[in-house]
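Structural characterization, general
Residues per chain are reported as follows:
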Amino acid sequence: MVALAVGLAGCGWREETGFVEVKKSFASLAVGDTLILNATTLDFGARSSLIIQHPTGTGSLQVRRGETSRKLCEFAVRKNRMVTVTLASVNGGLRCSVQL
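Here goes a summary of the coordinates provided. Quick caveat, the model's predicted, so the values are computed rather than measured.

About the criteria used
Residues numbered from 1 in each chain as written. Predicted model: local features only at pLDDT ≥ 70, side-chain atom pairs only at ≥ 80, totals over all residues. Heavy atoms only, no water. Disulfide = S-S within 2.5 Å. Helix = DSSP H or I, 4+ residues; strand = E, 2+ residues; numbered from the N terminus. Buried < 20%, exposed > 50% of the residue type's maximum accessible area, 1.4 Å probe, protein only. Salt bridge = Lys/Arg side-chain N within 4 Å of Asp/Glu carboxyl O. Core = buried A, V, L, I, M, F, W, Y, C linked by side-chain atoms within 4.5 Å. Contact = heavy atoms within 4.5 Å.

**A closer look at the state of the cysteines**
Considering all chains together, one arrives at 1 disulfide under this definition. The disulfide partner of Cys73 is Cys96, and the gap between their sulfur atoms is 2.2 Å. With Cys73 in strand S6 (residues 68-77) and Cys96 in strand S8 (residues 93-99), this pair connects stretches of sequence that are 23 residues apart. The exposure class of Cys73 is buried, given its relative accessible area of 10%.

**Concerning the pattern of salt bridges**
Taken as a whole, this structure holds 3 salt bridges when the rule is applied. A salt bridge links Arg65 to Asp33, with the shortest nitrogen-to-oxygen separation between them at 2.7 Å. Residue Arg65 is located in strand S5 (residues 57-65), and its partner Asp33 is located in strand S2 (residues 33-37); the two are separated by 32 residues in the primary sequence. Judged by its relative accessible area of 16%, Asp33 is buried. Among the salt bridges present, the one from Glu74 reaches Lys71, with a minimum N-O distance of 2.9 Å. Given a relative accessible area of 48%, Glu74 falls into the partly exposed group. Judged by its relative accessible area of 47%, Lys71 falls in the partly exposed class.

**Quick word on the nonpolar core**
Core analysis: the largest hydrophobic core is formed by 19 residues, its most contacted members being Val20, Val22, Leu35, Leu42, Leu61 and Phe75. Elements that contribute at least two residues to this core include exactly strand S1 (17-24), S2, strand S4 (49-55), S5, S6 and strand S7 (82-90). Counting residues per element, this core draws most heavily on S6, at 4 residues. Beyond its immediate stretch of four places on either side in the chain, Leu61 contacts Val22, Ile36, Leu37, Leu42, Arg70, Lys71, Leu72, Cys73, Phe75, Val85 and Leu87.

Printed below as a string of structure tokens:
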């Protein structure tokens, strides 16, 4: 029993994670808008895509304007897999599509 405990302690238990790639197909967000993946604020800078390591389970992408936020999409994050979320600007609003 003690050997099992010592062996598990040496393994370095890690939370199961997957990856989320967020792509945008437009120049920039509207002034005051912020993209949020669950509780993480996304900052693209000059890039058009980001890859984020994320715990397994349900992911949610939201856009926040001031104090209000709106859910754009929800998707499953699986262990050691990548899900791609593509954002597009359509008629002045944001839309997202998910590819597993």
